[in-house]
Structure formats: structure tokens, C-alpha cells
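Examination of the molecular architecture
If you want the building blocks of each chain, they are given just below.
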Amino acid sequence: DAGVIQSPRHEVTEMGQEVTLRCKPISGHDYLFWYRQTMMRGLELLIYFNNNVPIDDSGMPEDRFSAKMPNASFSTLKIQPSEPRDSAVYFCASSPRLQETQYFGPGTRLLVL
Amino acid sequence: AQTVTQSQPEMSVQEAETVTLSCTYDTSENNYYLFWYKQPPSRQMILVIRQEAYKQQNATENRFSVNFQKAAKSFSLKISDSQLGDTAMYFCALESSGYALNFGKGTSLLVTP
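What comes next concerns the included structure. All values reported here derive from a predicted model rather than from experimental measurement.

**Some words on the overall build of chain A**
A tally of regular secondary structure across chain A gives zero helices and 11 strands. Along the chain direction, N to C, the helices and strands of chain A fall in the order β-β-β-β-β-β-β-β-β-β-β. For a compact globule of 113 residues, the expected C-alpha radius of gyration is about 13 Å, and chain A comes in at 13 Å, within 12% of that figure. Along the longest, intermediate and shortest principal axes, the C-alpha atoms of chain A span 35 × 25 × 25 Å. A buried classification covers 49% of the 113 residues belonging to chain A. Counting contacts in chain A only where the partners sit at least 6 residues apart, residues at least 24 apart contribute 54% of the total. Per element, the accessible surface of chain A, about 5500 Å² overall, is 49% carbon and sulfur. Positive and negative charge centroids in chain A, built from 11 and 13 side chains respectively, lie 3 Å apart.

Set out below in C-alpha cells:
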């Protein structure tokens, strides 16, 4: 298996622009997680899905952030409009069930100017 | 609520020596899992070791072992025969029933020749 795939690996955009991050989980994994990593706040869980259904989005910072999982093999995290404080590394991870090992993608480094 | 605390922001160890990274946690749940993840400069998050709270035996994976003290809510990671490739950020994480994975702030480990 290729592991969790994320794209793009790097994204540089200007404030106010829409940003879409993409994730393909490991086949057969029922859970998908989106995390954000910054120096100040460390690793934060933004949202997670079970069988394509959002279960907990309490970590989503504000209405500018939205996430979807239209099918078992694809998820997106969208920021609209983006702001400089959104600059971070965004990770996607998947696992077969809760309390099992989560497998992380390589992350997307986002820089909002 | 659940919390994870890593009190050592940075550590250094010489190659071939042993180092221990500390982690304490808090949860009101009886059923939970503890993890150590490694993040090398490549940024990839990699599972190092996993411990089920109901198991008294400490988990081991080759040169990596844990000291799990349930009553004290302590979960330290011991790295034996340290190698240059062990240089990374190490994150302690907790997942208990009804909660998603919660990470500590991390310990930056430098292995020197």
C-alpha cells in the first residue's frame, strides 16, 4: 500500500485566497483525521471522519475551515478565505478503527502571505 | 478531558548511549491507549511504540521500550543504543474511549556522534 497520500506537499498563497488540501487514506481504513501543526500550538486535531461521516469537528478553528469526505478514498480540507495565521503543516491520517495506530501522510506545508 | 505533558522540550544523547523521554498524562477513562510517535526532519509522523492501558507488561520494539506506570499516569520512552537516525521530535499521545488522539508538545532529541 502506498500509505496516506496528501497533496500538494507545499502551498504558498496570498491572504484571502481559497486553499484546498487533499488526502487519500489507506484503503480499508474507516477513520480519517485532519491535524494542524504549528510551533505555538503543536499538533491539533481539526476534524475526524468515520465511514465518511464527520464525527467531531470541534477542533476546526472557525467557519473559514471546512472538510468533506465524499467517498472512502478521498477527503478535502478547505480554507476560504485564507489568513496568514493559517500558515502551518496540515497532516491527514487514517486508521482502521479508534485506538489503533494512526498512519500519517507526509503533510502539506501551507504558507499564507 | 484528557491531557498529555512532555516536560523536556529538548534532549541530547551521544551515539550508542541510552536516553529516556518523559511523558505524563491525565484521563478519567479506564480504557485507553498510549503512543509514542517520531517526527524526523522529513516531517513524516512515524509510530514508534504503542501500549494498551489494560496490559501491565511494558511494550518493547527493538531498541525502544516504555516504562508504563498506570497509577502515576506516567509513560516514558527509553531508547537504547541511540543512533544518529534517532534524531527527531518525539511525541507522546493518548487516546481514550470517546476521545480522539491527543498529543503532547513534543521533545526534540538530538543524537550526537
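Picking up where we left off.
**Notes on the state of the cysteines**
Each disulfide consists of one covalent bond between the sulfur atoms belonging to two cysteines. Under the definition given, this model contains two disulfides over all chains. Here C23 of chain A pairs with C92 of chain A through a disulfide, and the sulfurs are 1.8 Å apart. Its S-S torsion of about -65° marks the bond between C23 of chain A and C92 of chain A as left-handed, since a negative value means left-handed. Here C23 of chain A, found in strand β3 (residues 19–24), pairs with C92 of chain A, found in strand β9 (residues 88–95); they are 69 residues apart in sequence, far enough to count as distant. Of the residues examined, C23 of chain A reaches a relative accessible area of 1% and is grouped as buried. With a sulfur-sulfur separation of 2.0 Å, C23 of chain B is cross-linked through a disulfide to C92 of chain B. For the disulfide bridge between C23 of chain B and C92 of chain B, the dihedral angle about the S-S bond is near -70°, and by the sign convention the bridge is left-handed. Of this pair, C23 of chain B sits in the loop between β3 (19–21) and β4 (24–26) while C92 of chain B sits in strand β10 (residues 88–96), placing them 69 residues apart in sequence.

**Digging into the packing of aromatic side chains**
This structure, assessed with the given rule, holds 15 aromatic pairs over all chains. By the ring-pair criterion, three or more aromatic residues cluster together here, those being Y31, F33, Y35, Y48, F91 and F104 of chain A together with F35, Y37, F91 and F103 of chain B.

**Details of the sheet that holds strand β7 (residues 65–71) of chain A**
Residue and element names in this part refer to chain A. Spatially, four strands are ordered β1-β3-β8-β7 in an open sheet, and the strand pairing comes out antiparallel. The open sheet has two edge strands, β1 (5–7) and β7, and neither has a second partner. Looking at each pair of strands side by side, their axes are set apart by 15° on average, direction ignored. Examined bridge by bridge, β7 and strand β8 (residues 74–79) share five bridges and lie antiparallel to one another. The partner of K68 across the bridge, within β8, is T76.

**Overview of the layout of surface pockets**
Considering only enclosed or pocket space, the largest pocket measures out at about 400 Å³ in volume. Lining of the largest pocket is provided by 15 residues; of these, Q37, T38 and M39 of chain A together with Q39 and M89 of chain B occupy positions nearest its centre. Within the residue set of the lining of the largest pocket, elements represented by two or more residues are β4 (31–38), β9 and β11 (108–112) of chain A together with β10 of chain B. Ranked by residue count, the leading element in the lining of the largest pocket is β11 of chain A, at three residues. Of the residues that constitute the lining of the largest pocket, the class distribution is seven nonpolar, five polar and three charged. Size it by volume and the second largest pocket reaches roughly 190 Å³.

**Quick notes on the interface of chain B and chain A**
Contacts between chain B and chain A engage 18 residues on the former and 23 residues on the latter. Summed over both sides, the interface between chain B and chain A buries roughly 1700 Å², with carbon and sulfur atoms accounting for 49% of that surface. When the buried surface of chain B facing chain A is broken down by residue, R43, E95 and F103 of chain B rank first, second and third, together holding 34% of it. Put simply, chain B and chain A have one salt bridge between them. When the shortest N-O distance is used, the salt bridge between R50 of chain B and E100 of chain A registers 3.9 Å. Counting the contacts that link chain B with chain A gives six residue pairs in polar contact (both at pLDDT 80 or more). Where the side of chain B that touches chain A is concerned, the elements lending two or more residues are β5 (32–39), β6 (46–52) and β10 of chain B. Looking at the side of chain B that touches chain A, the element that brings in the most residues is β5 of chain B, giving four residues. When its residues are assigned to classes, the side of chain B that touches chain A shows nine nonpolar, five polar and four charged.

About the cut-offs
- Residues numbered from 1 in each chain as written.
- Chains lettered and ligands numbered in written order.
- Predicted model: local features only at pLDDT ≥ 70, side-chain atom pairs only at ≥ 80, totals over all residues.
- Heavy atoms only, no water.
- Helix = DSSP H or I, 4+ residues; strand = E, 2+ residues; numbered from the N terminus.
- Rg over C-alpha atoms; globule rule 2.2 N^0.38 Å.
- Buried < 20%, exposed > 50% of the residue type's maximum accessible area, 1.4 Å probe, protein only.
- Contact = heavy atoms within 4.5 Å.
- Areas by Shrake-Rupley, 256 points an atom, 1.4 Å probe, with all protein chains shown as cover.
- Lys, Arg positive; Asp, Glu negative; His and termini not counted.
- Charge placed at Lys NZ, Arg CZ, Asp CG, Glu CD.
- Disulfide = S-S within 2.5 Å.
- Phe/Tyr/Trp six-rings, centres within 6.5 Å; stacked < 30°, edge-to-face > 60°.
- Pairing = 2+ DSSP bridges.
- Axes fitted to C-alpha atoms, helices over the stretch in contact; angles between N-to-C directions.
- 1 Å grid on protein atoms, 1.4 Å probe; cavity = no way out; pocket = protein on both sides within 12 Å on 5 of 7 lines; lining within 4 Å.
- Points joined across faces, edges and corners; volume = space filled by probe spheres on them.
- Nonpolar A, V, L, I, M, F, W, Y, C, P; charged D, E, K, R; others polar.
- Buried area = accessible area lost by both parts, 1.4 Å probe.
- Salt bridge = Lys/Arg side-chain N within 4 Å of Asp/Glu carboxyl O.
- Polar contact = N/O pair within 3.5 Å; in protein donor to acceptor, adjacent residues only side chain to side chain.

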